[in-house]
Each structure stands twice: as structure tokens, then as C-alpha cells.
Amino acid sequence: MDAILVQLLNGLDKGGAYALIALGLTLVFGTLGVVNFAHGALFMLGSFVAVAFRQLLTLESVVLSATELSPWGTPLEIRTSYATSWFGDFGTVLIDWSVPISVLIAIPIMLLIGIVMERGLIKHFYKRPHAEQILVTFGLAIVLQEVIKAMFGANPIPQPMPEMMRGAADIGIYLGMAENAVTYPWWRMIYFFFSLSIIGMVFAFLRFTTFGMVVRAGMADREMVGLLGIDIDKKFTIMFGLAAVVAGLAGVMYTPMLPPTYSVGMDFLVLSFVVVVVGGMGSLPGAVAAGFLLGILQSFSAMTEVKSIIPGIDQIIVYLVAVIILLVLPRGLFGRKGVMED
Amino acid sequence: MFALPKKQLIIFVIFALVVLTMPLWMSPLGAAYPGLLQKFAIYGLLALGFNILFGLTGYLSFGHAAFLGVGSYTAVWSFKLLTMDAVPAIILAAILSGLFALLIGYVSLRRSGIYFSILTLAFAQMSYNLAYSVLTPITNGETSLQLSLQDPRIIDLTFMERGQGLPTVSLLGIDMSGYSGFYFCAVVLIMGFFIAQKITISPFGLMLKGIKSNQNRMKYTGFNTRPYMLSAFVISGIYAGIAGGLLAVTDPLAGAERMQWTASGEVVLMTVLGGAGTLFGPIMGAWIVKYFENIFSAFNDTVLHNIFAFVPEGFREWVVSCAGLFVGEGWHLTLGLVFVIVVVFLPGGLMEGYRRIVSKFGAGKPNQPNSSAPDSPAPVKQPAE
């Protein structure tokens, strides 16, 4: 019982990441009709916003001490970060909380990146075949990835989480189980609720605002909305920016769990495409449901009991599910009729 | 069976000459050493095979590296278990990768468009992950499959004694390293080119092109397109398998990273860069990618300093550090940029660029197909079915 609960919890945060990336991917596909292979790169860019912010904060001034000597006999170097020397204790707090604060910084940056990407490149590909869209965004992903590699190097850069959020919550106690039976790291729990709230915000935005209404109408029939005198292209550009923000935020918050490298985007991209296909191309609830479903399935298949029955299942479960779903339910779990059928 | 129309025959002979004289005309370009030439031939073959699927039918597979990997593993196992001769290894690689392609193709081809791409991607990732984890007894996981002194090599050892040290791959006693290895690969490439030529001009090839331009109409005219697609998929899988086998022939080592989806992406890149749908384009794309990968990766700061020696002092550092982003480690950046530019401006790849230049300067010829003429009718949009 508790083993199952632990795996369920473990699947939730990973599922949250999948759901967020797949949500953005579906949003772009549903609005612009573009298959965006560079979406994983946006996730990666988001996580490097967090890295860059922390590197800025921890820029240090080095002063040679006049009196003290280091163990090697040279004058001791006193390193103080500018943030601390300028803001005092507040600076230390700032560094400690760099990852959550990066979320706020990432929003405008990712929005800008998304809009530039759409206006600069993607907009020329609306009328081209899907194969060419895949090719150009694949090329773009390589370029973005290599730029980040040139700037930050090829090694993973660990990002510590705030001191307060380290450690794990003992969930078992609340459910009347023994102590330490079911523990769950705080940060993972935060990630899960963070992803839920972002998903909720996106859905509320589409559901309850006029802007969202227009966008939904545009997803259903772009031409008709255009005929009503609405500049739907402009709205769709903003939706692309929004999708970039969602992917970027998913990346920022994921950094304490997985030290970001330049290639992290590609790894998530393949998985999130699988998620989108399982959920149904163009279906937002489908993307979210499939994201959590696959995350949980993945963590269940990693249990030793399961692995002893079918060895290696944890490595392929996601792809296997995708293959089966595509063959049995060609439209995915929640796919609508008429979307991406040829 | 071996006859070709006159025009195709000329193309074939020219191609064969170009490939076989590669060591000569590549030497001024600084690429005339066997290791690189072998790669030219092998990746040319891979791109050629990929083009039979993508270029002719328009189905974009993102999992071709899986067949390359299967071919490599099979070849190395053939070296380990049977004989160090190259021919059985290649034949076995072709058969096994063909079977593998049959299996994957049968499932993947139930869907088309982007779903097909994702399905092939999923299969390739599955094979890659399995090769790294559960199948380690077969693939040797991260350390990659290698020859060892204790290999049984049944056929070889019935005829001769076990020698000192690791044996080398051979073809009827000729050592397959260096130039002889290149010529072996080159001959295979030329044979592959011939088959690809035959396919392109055959009714079968026309059928594939028909599927590309409008699959539904093909179905309405009474053709069952599935067997055609499946054969194209298997053929192109066999090409990839043979290419993987050749990789193992030139260097008897097989690792799982050959199956990663970025490797599949590389094949796509080569084919599109050269020009999908043309015969020579993909091969040229492969050559260009491999050539510049080799040349650019070797650049470092010292070389750059020598190149930019004419730039005034002080400014030079800046130029060198800027250029340094695009060469050496950053070579993939250049590749990505070039690729994006080609897809945006020349969707038909370099071959289309060539055709545009020819049609610009050869406008006097009446029979010249002029694709960029302003009065040519706009491509008919595929009707929604």
C-alpha cells in the first residue's frame, strides 16, 4: 500500500513537468498549427534563465586579506558576493531563493523569446507542410542548444533549492501510517502544485477572458474569426509567447531536481511529443491528463516488483504506451475529430 | 535487369567514377585519408537509403538510426561468432535490419504524417533504451560491443589457428583497413546507387512518388498503398543496416549511441541539406556534413589566429573569439544555422539551388524545367478529404 503511494507521488512531479511542456506544445499546435520541435529548447532556455540569474547574484569580489594566510601560505582570499555586500542579509536571502525568484524573471524573458521566435521564423512556415515545420524547428533547437552550450559549457550546473524547502514531508503520518513510511521531498510537492496552478491559470485564461474566448474561437475556425474583423494572427503570436512562458517556467522550477545541461531540452522534447500524441493532438485536457498518466506509469514501472516480471519495462513504458494508444485510438485519448488527420 | 536508359547510364558511370577517384580529387581539399573517405561512402549510403523513404514517399522517419545500430551489432556479432570476413557480416546485417524494419514499418505505417514520425521516433528510442539496459548481454551496454580474444569465430577457427592478438576484418584475405576498406565501402555505395536509380525510374518508384503527391487519389485509383509503403520502408531500413554493417567493417565496434534519435536527426539533416527526392542530393549532403564536421572540428584558436592574421592587432582577439563559436566544439551551431537557412530559403536543398542557377543561366534552352518561373501555376492545394 505505501509502496504504491510512494510511486504515485513520485510520478506526480515528473508528470507535472510532462504536462506543462505538452500543454505548451499543444497550445502552439492548436493555435498556429505548427509542429514545434524547438519546444524542448524553450524548456531548456527557461532553466538557464535560473542558472544565469544565480550566476549574476553570486558574482564575487575577491579581496586579498592583509593579515590571514591560507593553508598554502598565500594571503587568504576573501570572497564576498556583490549581492551580499550591497544588500547585506537580504542579499543572502536573495541568493538562497534564486530559483523561485527566477520564475518572475523568466516570465518576461520567455515571453519575449517566444514572440521573437514566432515573428522571426515560425510565421513563415504556417502554409508549409508539417515535415518542413519539423525540420526548421529541429534546426532551431540545435542552434539554441549550441548557443547555450557555448555560453554555459557542457557540464550540468546544479541549482540548490532554498534552504527552507529542503528535506521531505512525512505524508504517511497524516494518513495514519508509521513514521517515515511515506515521505515526499518538499520541492517535488511544490513542483506538483506549481504545475497544477500554472495549468489552472492557462485554462482559466482561455476559459474566462475575452482574449481566451477569441483564441478558442480561432482554434476552431481561424478564417471565420478573421472575417469578423479580429486580428487573429496577433493573438496567436501572444499564444506562442504564452506557450514559451509555460515551458520556460517548467524548466526554471525543474532545475533543483535535475541540474540543467544544454541537452535537457531534447530529452524532454521526445517524451513530451509522445505525451501530446497520447493525449490527442490539439487537445489541452488530453495533454495534461496524458502528462500525469505517463509520469505515474513511468514511476510505477520503475518498481522492482514490476521490473522483475518484465525486465526493462521502465525504460520503454512511455513509448510502448504511445505505440499502443496510437494504434488502438488513432486520435489519442482526448483527440477531436478532424484535427491532424490525413 | 541490369539495363538502364542511356541518360541514367551516363549518370551512373559518372557517379561511379566520381566515387572511385575520390582519393584523387579529395586530396586538394585535404580530405584524402581513408578514415574520412570511408565515412563519406557509408553515410552517403545511409542518406541514399533514407531518401528512398523520405524523398520518394514523403514519410519523415525520425528513427532511422535504429536500423544503423542493428546493422552494426549484427556485423560485430558475425565477426565474433562466425568469421572475420566482411561479406557474411554485411549480408547478415542487411537481413536482420530488414526484418527489424519490416516489424517497425508494419506498425508505424498504420499512421501517416506527424504520427508516423512520432511512432518511428518512439521505436528508435525504445531500441536505444533497451540496448542500454536490458539487452546488455547482446549489446554490451555502455562499453559497446567489441571483439575479444576468446571469441568462438566458428568458421575461421576450423580453417586456421587462433592467431596472436585481435584479428582484423578482411575480405577474402584482404585486410579491410585503410584504402581497401574505402574501396569496399565505395563499391557497396555504387551498388546501392544503382539500385536506387532502378527504383526511381521503375513503376514501383513512380507509385511511391504518387503516394507522396496524393495518397488518397492513389487509393481511389485502386492501388493498395500499404505494401508499396512497407517495401519502401524495408528497403530504406536495409540500406541503413548495410551502412551500419560497413561502420562495423571499418571499425569493429558497435555502441548504442549510434541508435540515439539525434543520430536519426543527422540523417534527416544530410538528406534535406543535399536535396530530398533527388538521387545525388542526399549523398552530397552526407559528404558536405561529414567533410565540414571533420574540417571545422579540427579548428582551434591557433589555427584561427593564423587565418585572421590580416586583421589588425587588438581587433583580432575579438574576431577570433567570435569565429571560435562556430568552429571546433561549436561546429554543430554552424550546422544548425546552415540547416535552418536551407529549410527556409531552399526547401529542395542544395540540388534545388543548383537547378535554380542552371535555369537562370540556361534560360535559352526550351526544355529546361523552370520551377521558379513566375508564370508557372501555383502548386494545387491538396483538397481536404
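Structural data are supplied above this passage.
Residues numbered from 1 in each chain as written. Chains lettered and ligands numbered in written order. Predicted model: local features only at pLDDT ≥ 70, side-chain atom pairs only at ≥ 80, totals over all residues. Heavy atoms only, no water.

Engineer: Can you help me understand the overall build of chain B in this one?
Structural biologist: A count of helical and extended segments in chain B gives 18 helices and four strands. Overall, chain B is about 75 × 70 × 45 Å in size when its C-alpha atoms are taken along their principal axes. Buried positions account for 53% of the 385 residues belonging to chain B. Put simply, 75% of the contacts in chain B that link residues at least 6 apart link residues at least 24 apart. With the model as given, the accessible surface of chain B reaches about 17900 Å², and the carbon-plus-sulfur share is 69%. (Helix = DSSP H or I, 4+ residues; strand = E, 2+ residues; numbered from the N terminus. Buried < 20%, exposed > 50% of the residue type's maximum accessible area, 1.4 Å probe, protein only. Contact = heavy atoms within 4.5 Å. Areas by Shrake-Rupley, 256 points an atom, 1.4 Å probe, with all protein chains shown as cover.)

Engineer: It is not clear to me how the packing of helix H12 (residues 264–279) of chain A against helix H13 (residues 284–301) of chain A should be interpreted in this structure. Could you clarify?
Structural biologist: A pair of packed helices can be characterised by two numbers: the angle between their axes and the separation between those axes. All names here are of chain A. As a packed pair, H12 and H13 sit with axes 8 Å apart at the nearest point and diverge in direction by 120°. As summarised for this structure, H12 and H13 are arranged oblique, according to the angle between their axes. The crossing of H12 and H13 is right-handed. In this structure, H12 contributes Val 274, Val 275, Val 278 and Gly 279 to the contact, and H13 contributes Gly 286, Ala 287, Ala 290, Gly 291 and Leu 294. Tallied by class, residues from the contact of H12 with H13 come to six nonpolar, three polar and no charged. (Axes fitted to C-alpha atoms, helices over the stretch in contact; angles between N-to-C directions. Parallel < 35°, antiparallel > 145°, perpendicular 65-115°, else oblique. Left-handed = near helix turned anticlockwise from the far one by under 90°. Nonpolar A, V, L, I, M, F, W, Y, C, P; charged D, E, K, R; others polar.)

Engineer: Explain a nonpolar patch on the surface to me, please; I cannot follow it from the model alone.
Structural biologist: Residue and element names in this part refer to chain A. Together, Leu 56, Leu 59, Tyr 82, Trp 86, Phe 87, Phe 90 and Val 93 make up an exposed nonpolar region whose accessible area comes to about 800 Å². Of all the secondary structure elements, the ones that give two or more residues to the nonpolar patch are helix H3 (82–87) and helix H4 (89–96). Counting residues per element, the nonpolar patch draws most heavily on H3, at three residues. Of note, Trp 86 is situated in helix H3. (Patch = residues over 30% accessible without salt bridge, like charges linked within 9 Å, V, L, I, M, F, W, Y side chains within 5 Å. Salt bridge = Lys/Arg side-chain N within 4 Å of Asp/Glu carboxyl O.)

Engineer: Just to check I follow, could you spell out helix H15 (residues 313–328) of chain A for this structure?
Structural biologist: Each α-helix turn comprises 3.6 residues. Residues three or four places apart therefore point the same way. Of all bends in H15 of chain A, the biggest is about 30°, found at Tyr 319 of chain A. The secondary structure elements touched by the buried residues of H15 of chain A are H12, H13 and helix H14 (304–309) of chain A together with helix H5 (86–108) and helix H6 (113–132) of chain B. (Bend = angle between axes of the 7 residues up to and from the residue.)

Engineer: For this particular structure, what's the right way to read H4 of chain A?
Structural biologist: All names here are of chain A. Among all positions of H4, only Gly 91, Leu 94 and Ile 95 are buried. When H4 is viewed along its axis, its buried side chains cluster within an angular range of 95° and face the same direction. Those residues of H4 that are exposed and angled more than 90 degrees off the buried face are Asp 89 and Phe 90. Of the surrounding elements, those touching the buried residues of H4 are helix H2 (39–57), strand E2 (75–81), H3 and helix H5 (98–120). (Arc of directions from axis to C-beta.)

Engineer: Explain the nonpolar core to me, please; I cannot follow it from the model alone.
Structural biologist: Considering soluble globular proteins, one finds that nonpolar side chains tend to be buried as a cluster. Core analysis: the biggest nonpolar cluster contains 229 residues, and Phe 37 and Phe 138 of chain A together with Phe 40, Phe 184, Leu 246 and Trp 261 of chain B have the highest contact counts within it. Beyond its immediate stretch of four places on either side in the chain, Phe 138 of chain A contacts Phe 37 and Met 266 of chain A together with Phe 62, Trp 261, Gly 265, Leu 269 and Phe 339 of chain B. Grouped together as the second largest cluster of nonpolar side chains are five residues, Phe 53, Leu 57, Ala 83 and Ile 95 of chain A included. (Core = buried A, V, L, I, M, F, W, Y, C linked by side-chain atoms within 4.5 Å.)

Engineer: Explain the interface of chain B and chain A here, please?
Structural biologist: Interfaces are often sized by the amount of accessible area the parts lose when they come together. Contacts between chain B and chain A engage 38 residues on the former and 38 residues on the latter. Summing both sides of the interface, chain B and chain A together bury roughly 3500 Å²; the carbon and sulfur share of this comes to 81%. When the buried surface of chain B facing chain A is broken down by residue, Ile 114, Tyr 115 and Trp 261 of chain B rank first, second and third, together holding 19% of it. Between chain B and chain A we count zero salt bridges in total. The tally of links from chain B across to chain A stands at two residue pairs in polar contact (both at pLDDT 80 or more). Only H6, helix H13 (261–274) and helix H17 (331–345) of chain B provide two or more residues apiece to the side of chain B that touches chain A. No other element matches H6 of chain B, which puts 13 residues into the side of chain B that touches chain A. Of the residues contributing to the side of chain B that touches chain A, the split by class is 26 nonpolar, nine polar and three charged. (Buried area = accessible area lost by both parts, 1.4 Å probe. Polar contact = N/O pair within 3.5 Å; in protein donor to acceptor, adjacent residues only side chain to side chain.)

Engineer: How do you make sense of the packing of aromatic side chains when you look at a structure like this?
Structural biologist: Two numbers describe a pair of aromatic rings. These are the distance of the centres and the angle of the planes. Taken as a whole and judged by the stated rule, the model has 29 aromatic pairs over all chains. Ring geometry for Phe 138 of chain A versus Phe 62 of chain B: centroids 5.5 Å apart, planes at 80°, classification edge-to-face. Placement of Phe 138 of chain A in helix H6 (residues 130–152) and of Phe 62 of chain B in the loop between helix H3 (34–57) and helix H4 (65–81) is noted, with the two residues assigned to different chains. Taken as a pair, Phe 138 of chain A and Phe 62 of chain B share a single burial class, namely buried. Linked through ring pairs, Tyr 18, Phe 43, Tyr 191, Phe 194, Tyr 254 and Phe 268 of chain A together constitute an aromatic cluster. Across from the ring centre of Tyr 106 of chain B, 6.0 Å away, lies the NZ or CZ of Arg 226 of chain B, which sits over that ring. (Phe/Tyr/Trp six-rings, centres within 6.5 Å; stacked < 30°, edge-to-face > 60°. Lys NZ or Arg CZ within 6 Å of the ring centre and 35° of its normal.)

Engineer: What is the right way to read the pairing of E2 of chain A from this model?
Structural biologist: Residue and element names in this part refer to chain A. Here strand E1 (residues 60–69) runs beside E2; their pairing, made up of six bridges, is antiparallel. Directly across from Leu 69, in E2, lies its bridge partner Pro 75. As consecutive antiparallel partners, E1 and E2 are separated by five residues, and within that stretch Gly 73 has a phi angle of approximately 90°, a positive value. (Pairing = 2+ DSSP bridges.)

Engineer: Can you help me understand the pattern of salt bridges in this one?
Structural biologist: Two side chains carrying opposite charge are able to pair once their charged atoms lie near each other. All names here are of chain B. Counted according to the given criterion, the structure contains eight salt bridges over all chains. Linking Lys 290 and Glu 266 is a salt bridge whose minimum nitrogen-to-oxygen distance equals 3.2 Å. Here the residue Lys 290 occupies a position in helix H14 (residues 280–298), and Glu 266 occupies one in helix H13, the gap between them amounting to 24 residues. Look at Lys 290 and you get buried, because its relative accessible area is 4%. Between Glu 293 and Lys 290 there is a salt bridge, with the nearest N and O atoms lying 3.4 Å from each other. One end of the pair is Glu 293 and the other is Lys 290, both in helix H14 and three residues apart, which spans about a single turn. Connected via shared salt-bridge partners are Glu 266, Lys 290 and Glu 293.

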